[in-house]
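# Examining the three-dimensional arrangement
Residues per chain, in single letters:
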Amino acid sequence: MGCGMNNIQIINYSGKSALSKIDGLVVSQLNSPKSPDEFDITIIDLCDDEIWRSEWSDAKTVNNIGDFVHLQGIMERAQKTIFIVVFPKNCYFLYHSSRGSYRYRIELKNNLDALNSHILSKLIPATIPQAAYNLLYEETTTVIGDYEFTASFHFDERVSSNLEVLSYSRKSDKITTIVAQDKLLITSLGILASENHLLAFLKSCGLISEREEYPQWLLDYPVLNDSELNAAIAENESKIEDACREIREAKKHLQKNLEYKSVLFVSGTELVNVVFMILEEILAVDLSGFVDLKKEDFLFEIDEGTEFVGEVKGVKTNIRQEYVSQLDVHYRRRLDKLQDENISKTVKALLIINTLRNRPPSEREPSHSDPVLLAEQNKSLVIETVTLLKIYEFFVADNISTEKCKEMFQLEIGLLTEDVVRKYLSVLN
C-alpha cells in the first residue's frame with residue numbers, strides 16, 4: 001500500500017476479494033482466518049450475501065454461526081491487532097432450507113431484532129453491551145476525504161454517542177462508525193468498495209499514514225510561530241467541538257419537538273402515544289398502566305373522585321356528531337359500571353381529535369356547530385390537537401399550571417378554543 005501501516009487481513013465469506021492484489025493485504029475465509037495478531041489490522045467483512053443464509057426454519061441464526069462464535073473468541077483473546085467489523089448493507093436473508101433451496105426470505109432491515117440479539121451478539125465480544133452496536137435502518141451516505149461511502153444501517157445515537165464516534169452520515173448526522181472498545185471499530189460503511197475507499201477510511205481513523213511518522217520530539221520542537229499556531233488551533237478546535245455539540249443538541253430538541261407537533265398529522269396508535277405524552281405532563285398523571293380493551297382510548301383518575309374518560313381520533317374530516325355520540329357511549333358505560341360497583345365519582349368525557357389532519361392548521365375549516373352543540377348538551381369537552389399543542393406550549397413556558405389544566409378540562413364543555421384556554425393562563429398573553 002505504500003503506507004505507514006500495510007499489514008492487513010480481510011476475513012470474509014469466500015476468502016476472495018478484489019483488493020487482494022494490494023501489497024501487504026491478505027484475504028482469509030470466514031471459517032479459516034489467520035491469527036489476527038500477525039497483522040496490524042484485521043477486517044471482518046460481513047457484506048457477502050451468502051453469510052445471510054439459514055437452513056433452520058426461522059431467521060434467528062446463520063449457517064456460519066459457529067464461525068461467528070469462533071471469531072468472537074479470537075477477538076476477545078487478541079492482543080495486538082486492531083479489528084474493524086464491517087456490517088452489511090440491506091439484503092435478503094434466506095432461511096428454511098428444503099431440497100437444496102430456501103423457502104423464505106426477509107430483508108435484513110425487517111429482521112433487526114434477530115440480527116442484533118441472536119446473530120451479531122455471537123460475533124461481537126461479550127464485554128461490549130449489545131445496545132452499543134444495535135443497528136437501525138436508514139440508507140445514508142458518509143463523505144470521507146474525496147469519497148462517498150454508502151450504508152444501509154447506522155447506530156443508535158442514544159447509546160453510541162457515549163462512545164467515540166469516527167464518522168457521521170452527510171446531512172442526517174447518523175452515526176456510521178464507532179470505537180466499540182480499545183482496538184475494535186465497528187462500521188456500517190462500504191469501506192471495501194475500492195482500494196481508495198479503504199485507504200481513505202483507514203486514514204480518517206488514524207490507522208495509516210502515507211509517510212513515515214514523525215517522532216513526537218520533532219512535533220513538540222517549537223520553531224517560528226508554532227506555539228501561537230498551536231494555541232490558535234486548540235482554541236478554534238474547542239469552539240468547533242462546542243458548536244458541533246450545540247448543533248447535535250439542537251437537532252435532538254428539534255426531533256423531540258417534531259414528535260410533539262406530530263399530533264397535527266398522525267392518527268391511530270401513533271396519535272394516542274403522543275397525546276398520552278402530553279396529557280401525562282400537563283395533568284401530572286401516569287398513563288403507562290392503561291390497558292386498551294378496544295373500548296375507550298383512555299380512562300384515568302386525576303384527583304380522588306374525579307375521572308376523565310375519552311377518545312383520541314385522527315381524521316381527515318371535521319368534527320362529526322357520530323364522534324361525539326361515540327364518546328357519550330363510553331361516558332355512560334363508565335357511569336353504569338361505577339353504579340354497579342356502588343362507587344361515587346365525577347366523570348368527565350373528553351374527545352381529543354386531530355381534524356383535517358392532512359391540511360396545515362392555517363387551512364383547516366372551523367368546526368361545524370352541530371357536533372359542538374351536541375357536546376355541550378352531553379356536558380363533554382372536545383379538544384382539537386391544535387389546541388392541545390398550544391396548551392402544551394403554554395405549560396412548558398410556565399404560563400399555565402397543572403391545576404389550571406385540570407380545572408379547565410373539568411369545567412369547560414363543548415369545543416375548547418384558544419380564547420377559552422387563555423382565561424386559565426397565569427400570565428395573560
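Fair warning: this is a prediction, and the values are worked out from it, not measured in the lab. (Residues numbered from 1 in each chain as written. Predicted model: local features only at pLDDT ≥ 70, side-chain atom pairs only at ≥ 80, totals over all residues. Heavy atoms only, no water.)

### Looking at the packing of helix α7 (residues 268–283) against helix α11 (residues 402–411)
Note the following rule: The axes used here are C-alpha line fits, helices contributing only the stretch in contact, and every angle between their N-to-C directions lies in the interval 0 to 180 degrees. Where helices and strands are cited, they refer to DSSP runs of H or I of at least four residues and of E of at least two residues respectively, numbered from the N terminus. Here the angle decides the label: under 35 degrees means roughly parallel, over 145 means roughly antiparallel, 65 to 115 means roughly perpendicular, and every other value means oblique. Any two residues whose heavy atoms approach within 4.5 Å are treated as being in contact. Only Asp, Glu, Lys and Arg are considered charged in this grouping, and only Ala, Val, Leu, Ile, Met, Phe, Trp, Tyr, Cys and Pro are considered nonpolar; every other residue, Gly among them, is considered polar.
At a minimum axis distance of 7 Å, the contact between α7 and α11 shows a crossing angle of 115°. When the axes of α7 and α11 are compared, the pair comes out roughly perpendicular. Across the interface between the two elements, Leu279, Glu281, Ile282 and Leu283 from α7 touch Thr402, Cys405, Lys406 and Phe409 from α11. The class makeup of the residues in the contact of α7 with α11 is 5 nonpolar, 1 polar and 2 charged.

### A closer look at helix α10 (residues 385–396)
In plain terms, the rule: Expected helix span is computed as 1.5 Å times (number of residues minus one).
In this model, α10 (12 residues) spans 16 Å end to end at C-alpha, consistent with the 16 Å of a helix rising 1.5 Å per residue. Summarising the contacts, the buried residues of α10 are in contact with α6 (226–261), α7, β15 (346–354), β16 (381–384), α11 and α12 (418–422). Looking at the residues trailing α10, positive phi occurs at Asp398, about 60°.

### A word on the layout of surface pockets
Rolled over the atoms, a probe with the dimensions of a water molecule shows which regions are left empty. To keep it simple, the criterion reads: Method remark: on a 1 Å grid restricted to protein atoms, a set of points is classed as a cavity if a 1.4 Å probe fits but cannot get out and as a pocket if it is open with protein on both sides within 12 Å along at least five of seven lines; lining residues have an atom within 4 Å of a point. Grid points are joined across faces, edges and corners, and a volume is the space filled by probe spheres set on the points.
Computed from the structure, the largest pocket encloses a volume of approximately 700 Å³. The wall of the largest pocket is formed by 20 residues, among which Glu157, Arg158, Lys174, Lys252 and Gln255 lie closest to the centre. Within the residue set of the lining of the largest pocket, elements represented by two or more residues are β8 (135–144), β9 (147–155), α3 (157–160) and α6. Ranked by residue count, the leading element in the lining of the largest pocket is α6, at 7 residues. Split into classes, the residues belonging to the lining of the largest pocket amount to 5 nonpolar, 3 polar and 12 charged. In this model, the second largest pocket occupies a volume close to 340 Å³. Around the second largest pocket, the lining comprises 18 residues; the ones closest to its centre are Pro361, Arg364, Glu384, Val386 and Thr387.

### Here's the deal with unusual backbone geometry
Trans is the prevailing form of peptide bonds, just as negative phi is the prevailing case for residues other than glycine. Defined as follows: Relative accessible area decides the class of each residue, using a 1.4 Å probe on protein chains only: under 20% of the type maximum gives buried, over 50% gives exposed, and in between gives partly exposed.
Residue Lys171 is not a glycine yet carries a positive backbone phi of 70°. For Lys171, the position within the fold is in the loop between β10 (164–168) and β11 (175–181). In this structure Lys171 comes out as exposed when scored by relative accessible area, which is 77%. The backbone of Leu224 sits at a positive phi, close to 50°, despite the residue not being glycine. Topologically, Leu224 is positioned in the loop between α5 (216–220) and α6.

### Looking at the sheet that holds strand β6 (residues 92–98)
Filter applied, for reference: Any two strands with at least two DSSP-identified bridges between them are counted as paired.
Strand order in the open sheet made by the 3 strands is β4-β6-β7, with mixed pairing throughout. Single-partner strands in this sheet number two, and they are β4 (53–54) and β7 (101–107). Alignment of β4 against β6, held across 2 bridges, turns out to be parallel. Each residue of the ladder has a partner; that of Arg53, found in β6, is Leu94.

Geometric values such as these leave the question of function open.
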